[in-house]
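What the coordinates show
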Amino acid sequence: DYFGQYGKINKIVLNRSQTTSGDPRRASASAYVTFFHKEDTLACILALDGFFMDGRNIRASYGTSKYCSAFIKNVRCNNPECTYLHEMGSVEDTFTKQEIQAGYVTSGRDVLARQQQIVREQQAL
């Protein structure tokens with residue numbers, strides 16, 4: 001319900017880590033949320049990244065997606081539950097492994113800035 005305020009959700013995966021020390025302050029959880037619309041994803045990231053809840057800092061960022069092996073082989077994917085990509089990603093949504101590793105695209109604000117830069121470049125042509 002909480003993430004649903006940002007848009008229609010396609011899938012949520014929750015992970016909770018258990019601490020071996022028994023200290024609840026060291027416990028953490030993560031949620032991998034997939035929205036139907038990328039604009040909703042960005043709205044959620046911008047709203048939550050850096051937000052404090054219950055004395056804890058929330059980090060929100062884009063995840064990475066992989067291409068479906070069937071798509072790569074140019075054959076039909078027979079898995080109706082497949083969560084991998086079945087079409088080429090748009091330029092503004094595509095990042096190199098080096099850009100991600102270098103930390104250039106760690107937050108929604110980074111992605112928003114890059115998307116705006118690409119739009120400006122396309123308008124200048």
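Remember, it's a predicted structure, so these values are computed and weren't measured experimentally.

1. A word on the overall build of the protein
The helix and strand inventory of the protein stands at four helices and four strands. Ordering the α and β elements of the protein from the N terminus gives β-β-α-β-β-α-α-α. The proportion of buried residues among the 125 residues of the protein is 15%. For the protein, contacts bridging at least 24 residues in sequence account for 42% of all contacts bridging at least 6. As displayed, the protein offers around 10000 Å² of accessible surface, 51% of which is attributable to carbon and sulfur atoms.

2. Let's talk about the nonpolar core
One finds Tyr6, Phe35, Cys44, Ile45, Leu48 and Ala60 forming the largest nonpolar core, which totals six residues. When residues of this core are assigned to their parent elements, the largest contribution, three residues, is made by helix H1 (residues 38–48). Not counting the four nearest positions on each side in its chain, Phe35 is found in contact with Phe3, Tyr6, Gly7, Lys8, Ile9, Asn10, Asp40, Thr41 and Cys44.

3. Comments concerning the side chain of Thr41
Residue position: Thr41 is located in helix H1. Classification of Thr41 as buried rests on a relative accessible area of 16%. Thr41 has contacts with Phe35 and Tyr62, leaving out every residue within four places of it along the chain.

4. Describing the packing of aromatic side chains
Geometrically, a pair of aromatic rings is defined through the distance of the ring centres and the angle of the planes. Applying the stated criterion across every chain yields a total of two aromatic pairs. Their ring planes at 20° and their centres at 5.6 Å tell us that Tyr67 and Phe71 sit as a pair that is stacked. It is Lys8 that lies over the ring of Phe36; its NZ or CZ is 4.8 Å from the centre.

5. Examining the environment of Leu14
When you line up the elements, Leu14 lands in strand E1 (residues 9–17). The spatial distance from the C-alpha of Leu14 to the C-alpha of Ser30 is 5.9 Å, given a sequence separation of 16 residues.

6. Re H1
Those residues of H1 that sit buried are Asp40, Thr41, Leu42, Cys44, Ile45 and Leu48. Within two residues after H1, Gly50 carries a phi angle of roughly 90°, on the positive side.

7. Focus on a nonpolar patch on the surface
A cluster of nonpolar side chains, contributed by Tyr2, Phe51 and Met53, occupies part of the molecular surface with about 260 Å² of accessible area. Within the secondary structure, Met53 sits in strand E3 (residues 52–53).

8. Points about the environment of Lys66
Structurally, Lys66 is set in the loop between strand E4 (56–57) and helix H2 (69–72). When the C-alpha positions of Lys66 and His86 are compared, they lie 9.3 Å apart, and in sequence the two are 20 residues distant.

What counts, and at which threshold
- Residues numbered from 1 in each chain as written.
- Predicted model: local features only at pLDDT ≥ 70, side-chain atom pairs only at ≥ 80, totals over all residues.
- Heavy atoms only, no water.
- Helix = DSSP H or I, 4+ residues; strand = E, 2+ residues; numbered from the N terminus.
- Buried < 20%, exposed > 50% of the residue type's maximum accessible area, 1.4 Å probe, protein only.
- Contact = heavy atoms within 4.5 Å.
- Areas by Shrake-Rupley, 256 points an atom, 1.4 Å probe, with all protein chains shown as cover.
- Core = buried A, V, L, I, M, F, W, Y, C linked by side-chain atoms within 4.5 Å.
- Phe/Tyr/Trp six-rings, centres within 6.5 Å; stacked < 30°, edge-to-face > 60°.
- Lys NZ or Arg CZ within 6 Å of the ring centre and 35° of its normal.
- Patch = residues over 30% accessible without salt bridge, like charges linked within 9 Å, V, L, I, M, F, W, Y side chains within 5 Å.
- Salt bridge = Lys/Arg side-chain N within 4 Å of Asp/Glu carboxyl O.

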